[in-house]
Protein chains: 2
Amino acid sequence: MSTRTGPSLTGGTPLRGLDEEEVLGRILPLFAPSADLIVPPGDDAAVLATESRTIVTTDTVVLGRDWLDAWSSGADVGTKVVAQNLADVAAMGGRPTGVLVTLVADPMTSIDWVVDLAAGIAAACQQAGVAVLGGDLSSAPAGVVMVSVTALGNLAGAGSAPVLRSGARAGDRLAVRGSLGLAAAGLHLLMHDQADRHPEAVNVQRRPDPPLEAGPEAAAAGASAMLDVSDGLVRDGGRIARASGVVLELDRDALREFVAQISDAVGEETAWDCVLAGGEEHSLLATFPGEAPAGWHVIGAVRSPAEGEQPGVLLDGVRPQHSGWDHFRNGEGRRP
Amino acid sequence: MSTRTGPSLTGGTPLRGLDEEEVLGRILPLFAPSADLIVPPGDDAAVLATESRTIVTTDTVVLGRDWLDAWSSGADVGTKVVAQNLADVAAMGGRPTGVLVTLVADPMTSIDWVVDLAAGIAAACQQAGVAVLGGDLSSAPAGVVMVSVTALGNLAGAGSAPVLRSGARAGDRLAVRGSLGLAAAGLHLLMHDQADRHPEAVNVQRRPDPPLEAGPEAAAAGASAMLDVSDGLVRDGGRIARASGVVLELDRDALREFVAQISDAVGEETAWDCVLAGGEEHSLLATFPGEAPAGWHVIGAVRSPAEGEQPGVLLDGVRPQHSGWDHFRNGEGRRP
């Protein structure tokens, strides 16, 4: 179970054996129609029904950096890149409505892998009620495959404001919706060829399933700040802290339940690393002036910085030494 | 003048010497604000003011396939990738409002080149009144640089319908707004180290300047079908012909004026190739049931296929042997 299922990236008919219209002919029928889609892909552009304010975001995955072919199928990659984009829309308090997908691939990439990728994208979109609005296919140097997604969404209601990172205030509760550390634990297990020790964690690493509905729910419940955990709790929490000018005090006891879910599989110390610094989880992290809504786990509190203190994240009164991921400084290696 | 101006792709401080926030700190201040931008980039997502229908499209350029560092500066690349996306919005009859930009680059790419790229993007967006809504930075294997843009736009008025490729009808006039063949002639001259023979053509190759305002104007004037010429007149015309089930009869005399603009520089035969098959021009090609609006050049007519005749493009009654560009079949070479 540690290796991927589904067609391999190479082998079979390569893309270079087909023209663009043949490739699109294999892919486009996979995408379900949507009530929001006024003009489907195939013209110069698509046309999407929108409200007065549209949320837009984009995120890209690159073979060898964001996924390894040995561990993730095309469908895994497609599911994940859609999920991480939709999570950003949800983290603004919005409902995702559409995605555009660009594939830049070595012409030797297998058409079967590309169809599997498209199937993963299609399934993730259908589950979220999101339309595929178009895309682009381009050839790349040998060995290069990357998938870039742009997601659009509506704010939940005409009167609702987007939930930014900058709205956390002293006295708010810090809460998370969804898991923490599972994706990183799954990666750890894949790297150590121990995937069968925690299949759920491996599955979250391959195919995160963000709690998308919780984004608009949190906005309606008065969330003061929100984001999705893509680079790790401490690093992403630090973004809320700096944008809001506050200190987030994590509650070690509240985090123990997340640690407990993975410590048997990866060990106690690694489990804490995963919970505090593990990226790619795409759970929602938010602050609430009042009670957190049902389904959210309170994991800390917001306070004003003391005199001379910088905004940031503290655990037991000190800054955790888990800084998370940076693309260029960390070079070509894999996360975390 | 045949070589680019501006910082080279490598040399100076590489991206890997900076963290993502330092890179963004150099880039984001270049982007002008826009009345359409409700939440600027920097949170999980941006928020854009939209109307009830939003046009969306995406297009990507890859180093070595879509541009060569020897010929195009970062600013050239940024200008061009924005222009080709905005042209797709205009070709639906829309007004572009925003773009998202993804850069996937070898960590050894120079920060100065990236800033030059961003300056080109910023200038092209500012000229068009378009907001930069966000983006993504990712690292790529050595030697790989690609820039992906997604563009959004509004239809000109709440009551106006998008102009598709499928609306051309027998009796319509076929007309073009903007140049034909200049971008391909410019590429030909760069390839033969003769850029000084037609600096304007070389400039169009490096920095196409599509007639964006003409898209909504054509829609208002009743254009029945429209697209932008990205893969060549014959190939793109064929898309209108097939989508509409019609034959487009090109008028050789009307095309002579486009040929005449480049034949001194590239020779008569190559000039015809450039006009008929040259891509990357991003002029608008449309069909009109009545008179074409001012500024459009009528270059042909639309008729129904004869019995047993396939939809397509004819010149002097025969199908031109210029098929245009296909990414995967043509392999890794450069256009055309």
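Residues numbered from 1 in each chain as written. Chains lettered and ligands numbered in written order. Predicted model: local features only at pLDDT ≥ 70, side-chain atom pairs only at ≥ 80, totals over all residues. Heavy atoms only, no water.

Under an unreviewed UniProt entry, the name given to chain A is Thiamine-monophosphate kinase, and the organism recorded is Intrasporangium calvum.

### Here's the deal with helix H9 (residues 268–277) of chain A
To keep it simple, the criterion reads: Per-residue accessibility, obtained with a 1.4 Å probe over protein chains only, is compared with the maximum for each type, and a residue is labelled buried under 20%, exposed over 50%, and partly exposed between these values. Strands are runs of DSSP state E lasting at least two residues, helices are runs of H or I lasting at least four, and both sets are numbered from the N terminus onward. Residue contacts are defined here by distance: any two heavy atoms, one from each residue, within 4.5 Å place the two residues in contact.
Burial in H9(A) covers these residues: Ala271(A), Trp272(A), Cys274(A), Val275(A), Leu276(A) and Ala277(A). Turning to H9(A), the residues buried within the fold contact helix H4 (182–191), helix H7 (233–244), strand E9 (247–250), helix H8 (252–266) and strand E12 (312–315) of chain A.

### Quick word on the pattern of salt bridges
Selection rule: For this document, the term salt bridge refers to a Lys or Arg side-chain nitrogen within 4 Å of an Asp or Glu carboxyl oxygen.
Scanning the entire structure with this criterion turns up 34 salt bridges over all chains. One salt bridge connects Lys80(A) with Glu280(A), and the closest N-O pair in it is separated by 3.1 Å. One end of the pair, Lys80(A), is in helix H2 (residues 74–90); the other, Glu280(A), is in the loop between H9 and strand E10 (284–288), and 200 residues separate them in sequence. Like Lys80(A), the residue Glu280(A) is buried in the burial classification. The salt bridge partner of Asp236(B) is Arg239(B), with a shortest N-O separation of 2.7 Å. Here the residue Asp236(B) and the residue Arg239(B) both occupy positions in helix H7 (residues 233–244), the gap between them amounting to three residues, near one helical turn.

### Some words on empty space enclosed by the protein
Going by this rule: Only protein atoms enter the calculation, which uses a 1 Å grid: trapped sets of points that fit a 1.4 Å probe without letting it out are cavities, open sets showing protein on both sides within 12 Å along at least five of seven lines are pockets, and any residue with an atom within 4 Å of a point is a lining residue. Grid points are joined across faces, edges and corners, and a volume is the space filled by probe spheres set on the points. Asp, Glu, Lys and Arg are counted as charged, while Ala, Val, Leu, Ile, Met, Phe, Trp, Tyr, Cys and Pro are counted as nonpolar; the rest, among them Gly, fall into the polar class.
Enumeration according to the criterion identifies four cavities of 30 Å³ or more in this entry. For the second largest cavity, the calculated volume is near 60 Å³. Along its surface, the second largest cavity is lined by 13 residues, and Thr58(A), Ser148(A), Thr150(A), Ser148(B) and Thr150(B) are the ones closest to its centre. Among the elements of the structure, strand E4 (94–105) and strand E6 (145–155) of chain A together with strand E4 (94–105) and strand E6 (145–155) of chain B are those that each provide at least two residues to the lining of the second largest cavity. The residue makeup of the lining of the second largest cavity, split by class, is five nonpolar, eight polar and no charged.

### With respect to the interface of chain B and chain A
Selection criterion: By buried area we mean how much accessible surface two parts lose on assembly, using a 1.4 Å probe and totalling the loss over both. The definition of a polar contact used here is a pair of N or O atoms within 3.5 Å, where within protein one atom must be able to donate a hydrogen and the other to accept one, and adjacent residues in sequence count solely through side-chain atom pairs.
Opposite the 68 residues of chain B that make contact, chain A presents 68 residues. Carbon and sulfur atoms supply 54% of the area that chain B and chain A bury against each other, a total of about 5,600 Å² over both sides. Between chain B and chain A we count six salt bridges in total. In this structure, Arg165(B) and Asp44(A) form a salt bridge, with 3.3 Å as the shortest nitrogen-oxygen distance. Inspection of the chain B/chain A interface yields 22 residue pairs in polar contact (both at pLDDT 80 or more). Take the side of chain B that touches chain A: its biggest share by element is nine residues, from strand E3 (residues 53–62) of chain B.

### Describing the packing of aromatic side chains
All names here are of chain A. Worth spelling out the cut-off: Any two rings among Phe, Tyr and Trp, with Trp reduced to its six-membered ring, count as a pair given centres within 6.5 Å; such a pair is stacked if its planes are under 30 degrees apart, edge-to-face if over 60, and tilted if neither. Two conditions define a charge located above a ring, namely a distance within 6 Å from the ring centre to NZ of Lys or CZ of Arg, and an angle within 35 degrees of the ring normal.
Summed over the entire model, instances satisfying the criterion amount to four aromatic pairs over all chains. Ring centres of Phe288 and Trp296 lie 5.1 Å apart, and the angle between their planes is 75°; this geometry places the pair in the edge-to-face category. Of the residues examined, Phe288 reaches a relative accessible area of 0% and is grouped as buried. Assessed through its relative accessible area of 8%, Trp296 is described here as buried. We note Arg252 situated over the ring of Trp272; from NZ or CZ to the ring centre the distance is 4.8 Å.

### Thoughts on the relation of the copies chain B and chain A
The condition is simple: Residues below a pLDDT of 70 in either copy are left out; the C-alpha atoms of the rest, at least 70 in both, set the least-squares superposition of the copies.
It takes a turn of 180° to lay chain B on chain A, together with a shift of 0.0 Å along the axis; the resulting RMSD is 0.0 Å. These values place the two chain copies in the arrangement generated by a two-fold rotation axis. Of the interface residues in chain B, 100% have counterparts in chain A that sit at the interface too, so the contact is made through matching surfaces.

### Some thoughts on the side chain of Ser110(B)
Residues and elements named next belong to chain B. Checked against the element boundaries, Ser110 lands in the loop between E4 and helix H3 (111–128). Residue Ser110 is classed as buried on the basis of its relative accessible area of 1%. Engagement of the side chain of Ser110 in a polar contact is seen with the backbone oxygen of Gly11, the distance being 3.2 Å. Among all residues touching Ser110, those that are not within four sequence positions of it are Ser8, Leu9, Thr10, Gly11, Thr13 and Pro14.

### Examining the UniProt feature "domain: PurM-like C-terminal" (unreviewed entry) in chain A
Convention followed: UniProt positions are given in the numbering used here, feature names are shortened, and annotations may be inferred rather than shown by experiment.
In the numbering used here, UniProt assigns the "domain: PurM-like C-terminal" (unreviewed entry) feature to residues 169–259 of chain A. Here residues 169–259 of chain A runs as 49% helix and 14% strand, with 27 Å between its end C-alpha atoms.

### Some points on the domain arrangement of chain A
Residue and element names in this part refer to chain A. Rule in force here: Where each domain begins and ends follows an automated or database-derived domain assignment.
Here the domain parsing of chain A yields domain 1 (16–155) and domain 2 (173–315). At the junction of the two partners, domain 1 supplies 21 residues and domain 2 supplies 19 residues. For the pair domain 1 and domain 2, the two sides together bury roughly 1,600 Å², of which 60% comes from carbon and sulfur. It is Trp71, Lys80 and Ala91 that lose the most area in domain 1 upon contact with domain 2, and together they represent 38% of the buried surface on that side.

### What to know about the sheet that holds E12(A)
Residues and elements named next belong to chain A. To keep things clear, this is the line we draw: Any two strands between which DSSP finds at least two bridges are classified as paired. Inter-axis angles, ranging from 0 to 180 degrees, are taken between N-to-C directions of lines fitted to C-alpha atoms, where helices are fitted over the stretch in contact.
Spatially, six strands are ordered E8-E10-E7-E11-E9-E12 in an open sheet, and the strand pairing comes out mixed. In this open sheet, the two strands that pair with only one neighbour each are strand E8 (225–228) and E12. For this sheet the average axis-to-axis angle between neighbouring strands, irrespective of direction, equals 25°. Looking at chain direction, E9 and E12 are connected through four bridges and run parallel. For Leu248, the partnering residue across the bridge sits in E12 and is Val313. In the packing of H8 onto the sheet, contacts are made with strand E7 (173–177), E9, strand E11 (297–303) and E12, and the angle to E11 comes to roughly 145°.

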